[in-house]
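Examination of the molecular architecture
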Amino acid sequence: IVIKKKIKSFDKKIKVGTDKSISIRSILLASQAVGTSKISNLLESEDVLNSLKTIKKLGINYKKKNKIYYIKGFGLNGFDIKKNTTINAGNSGTLARLILGLLVKSKFIVKMKGDKSLSRRDFSRVINPLRLFGVNIKSKNNSLPIEIIGTKFLRPITYNESIGSAQVKSCIILSALNTAGTTIINSKPSRNHTELMLKSFNYPIKVQKKGQIDKIFIDGLKQFKSFEYKVPGDISSASFFIVLTLLSKKSKIIIEGVNVNKSRDGIIQILNRMGAKIKVKNKKFYKGEEVADIYVKSIKKLNSINCPSKFNSSAIDEFLIIFLVAAKANGVSKFKDLGEMNKKESKRLDLAVKFLRLIGIKVERFRNNINIHGNPEITLSKNFEIMNHLKDHRIFFLSCIAALTLGGKWKINEKKSANTSFPDFLKILKFLGATINWKEERI
Ligand code: S3P
């Protein structure tokens, strides 16, 4: 796409795509429930559609009627796995890592592959705990393709999850569902949708806060009944519109029905510390999740931040766009211990540094810490081209927001990557008044 103009002021109410993490979890858990679950507002993005295809390959049927997905499960370990099954997780780390937890009893080998981006990501983080359960896994260099074959002799484990990865934690929880006895995870806090969803089914899972650690107890082999779930809006998708509004002139936005679960709201905490005055209103609880409307106004003066690393997990997917705010803030912003960013769909920390330097921002990097020298007066007029080789959706969104708020003439490649998490992204930008040329064009 080509963007040649900043967005004009706007004052609008929008809804963003629904939550990707929750959509995937609702599908995987419905596949293990007894009976037909009913899921509405499921995000119809590629990662989520790949999750549906995956459970179908494993013998679980679903249908869509009047925008509602009906998924028929046969209880725990209710997959019907055929010989020589290969599943394709596409771009989705969440699908790939969580589904492994549900294959721990498979009688046949299941092979899993993924796209170029997923194939360079590390799976040792889930392979190691799964092997402790007794599962057999083959892989070269701990990456995809992986072959997994389950066992009848699963044993519960006690595991220290020290990365702060919800994907690892959830993989272990799902494996624990199929394992007799109590599995215990000492987990560095991370998004807790899997735990909340299981609790909402009255599944015997207990979480104790012990200082900086969540101690999670999961009793295995307890069947749970089919359920209804209405997926809320995704704060990770909302984040791009929050920043678009903040950095545009005289604009306002209300983003309705967004999940503001404390384990996900780091972006609001961080931006408000930078002076953003984002308001969260009409909070309601839904099956343990907090859902609310987010009110944002543009702001003239943004302060730099010395960002406490306690926000690293709850803003992990939002740092790219937070860095853009830091680029326009007054002073030097400091972020630390962000090595996990380089383990995402692309090496996001490396790319962020490159991106910020490309737009003329001074950045110092020491290992996984960066200092961003903000420039409140920044306006761009040059030509920019963003290549996005690994088709990382969030690099695409970041580039669009930078183009619409800072100026310059931008050619941004890999528009299709938006389909991973937020297919309506460009449509909403247009609704807000952005001028975007869809055709390939020279700049
Ligand atoms: C996710 C967890 C996070 C996040 C990813 C989705 C999830 O990854 O970055 O986009 O749905 O559990 P990690 O758990 O590996 O940090």
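Residues numbered from 1 in each chain as written. Predicted model: local features only at pLDDT ≥ 70, side-chain atom pairs only at ≥ 80, totals over all residues. Heavy atoms only, no water.

Turning our eyes to something else, we now look at the sheet that holds strand S15 (residues 252-259). The mixed open sheet is built from four strands, whose spatial order is S2-S15-S17-S16. The outermost strands of the open sheet, each flanked by one partner alone, are strand S2 (11-14) and strand S16 (279-286). Strand-to-strand twist across the sheet, computed as the mean angle between neighbouring axes with direction ignored, equals 10°. Across six bridges, the pairing between S15 and strand S17 (residues 289-297) is antiparallel. Along S17, the bridge assignment pairs Ile253 with Val296. (Pairing = 2+ DSSP bridges. Helix = DSSP H or I, 4+ residues; strand = E, 2+ residues; numbered from the N terminus. Axes fitted to C-alpha atoms, helices over the stretch in contact; angles between N-to-C directions.)

Turning our attention to the pattern of salt bridges. Following the criterion strictly, the structure yields 23 salt bridges and no others. Across the pair Lys209 and Asp214 runs a salt bridge, and its minimum N-O distance is 2.6 Å. For Lys209, a relative accessible area of 63% corresponds to the exposed category. Given a relative accessible area of 7%, Asp214 falls into the buried group. (Salt bridge = Lys/Arg side-chain N within 4 Å of Asp/Glu carboxyl O. Buried < 20%, exposed > 50% of the residue type's maximum accessible area, 1.4 Å probe, protein only.)

Quick look at the environment of Ala96 now. Topologically, Ala96 is positioned in helix H3 (residues 93-102). By relative accessible area, Ala96 is classed as buried at 0%. Through-space distance from the C-alpha of Ala96 to that of Ile146 is 9.9 Å; in sequence the pair is 50 residues apart. What Ala96 contacts, discounting residues up to four positions off in sequence, is Ala89, Met112, Leu118 and Phe123. (Contact = heavy atoms within 4.5 Å.)

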